[in-house]
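Summary of the model geometry
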Amino acid sequence: MKKSLVLAVLFILPIVVYLFFASGVNNFAKLPILSERVDDINEFENLDGSSVSLKDKITVLSFFGNDVLNKKNNALNLNEKIYKRFNGFEDFQLVAVFPVGAEHDAKDLKAELSFLTDTANWNFVFGTDSQIASFFNSLKTDTDLDDHLGNPYAYIIDKKLNLRGRTDDEDVSGGVLYGYNTTSVAEINNKMIDDIKIVLAEYRMALKKNDEEQSGKRDSYLKKVDKR
């Protein structure tokens, strides 16, 4: 009897473990889309006077406003925890939005960050008050900009200009997490890093699938050519 029970456990347990992890992969394979087709920022200018685009990029977006000094810790947290970790990935960028007139303070902040890391993919962009308000509204979040046109949150925007986030977050009323509070290192570590990894993994898997499909097409074509 005991022998049969042990054999049954040894047989069933691996199946249960497999189903558990398979379920986890299905549930967390993609980060939910919360807002589709947010506006791009082509009309904004960076410190060099050129334009920046969110399209075809995986973007971590933040709004520092004109109260730059009070957003310094937020920038340092993003730089240390997010930028340094993911900067090596292709098509990944950070974008911080400022109102026109905050260029001097923003330049000082970027210079300070440059002492810590290469900030080539840290884009500081500037727009008018109305441009920033309109752009922010396109995100359709449950948060607002403050009187300085900033807030402490960072948002994940995918290559198709969709806002990504959580729909089942246990710490948020209603479960929908639009942005990540960059004042909190714990929230960055425990939520934002994981969610960026998921989005990056999605694109890696899609790229791999596309490569396999293209390879299959090439193989099929070569086989046809060989038959001739």
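So, here is what we can say about the structure in this document. (Residues numbered from 1 in each chain as written. Predicted model: local features only at pLDDT ≥ 70, side-chain atom pairs only at ≥ 80, totals over all residues. Heavy atoms only, no water.)

**Some words on the overall build of the protein**
Assigned secondary structure in the protein consists of five helices and eight strands. Moving toward the C terminus, one meets the helices and strands of the protein in the order α-β-β-β-α-β-α-β-α-β-β-β-α. Across the 228 residues of the protein, 38% fall into the buried class. Once local pairs closer than 6 in sequence are excluded, the contacts in the protein between residues at least 24 apart make up 75%. (Helix = DSSP H or I, 4+ residues; strand = E, 2+ residues; numbered from the N terminus. Buried < 20%, exposed > 50% of the residue type's maximum accessible area, 1.4 Å probe, protein only. Contact = heavy atoms within 4.5 Å.)

**Brief notes about the pattern of salt bridges**
Opposite charge on two side chains permits pairing when their charged atoms draw close. Within the structure shown, the criterion is met by 10 salt bridges. Across the pair Lys84 and Glu80 runs a salt bridge whose closest N-O atoms are separated by 3.0 Å. Taken as a pair, Lys84 and Glu80 lie in helix α2 (residues 72-86) at a separation of four residues, close to a single helical turn. One salt bridge connects Asp158 with Arg164, and the closest N-O pair in it is separated by 2.9 Å. Residue classification places Arg164 among the buried positions, given a relative accessible area of 6%. A single network of salt bridges, built from pairs that share partners, joins Arg166, Asp169, Asp171, Lys191 and Asp195. (Salt bridge = Lys/Arg side-chain N within 4 Å of Asp/Glu carboxyl O.)

**A closer look at unusual backbone geometry**
Despite not being glycine, Arg37 shows a phi value in the positive range, around 50 degrees. The residue Arg37 is located in the loop between β1 (33-35) and β2 (45-46) in this model. Take Arg37: its relative accessible area is 53%, and that puts it in the exposed class. Even without glycine at this site, Asp56 takes up a positive phi of about 65 degrees. Within the secondary structure, Asp56 is located in the loop between β2 and β3 (58-64). The exposure class assigned to Asp56 is partly exposed, which follows from its relative accessible area of 46%.

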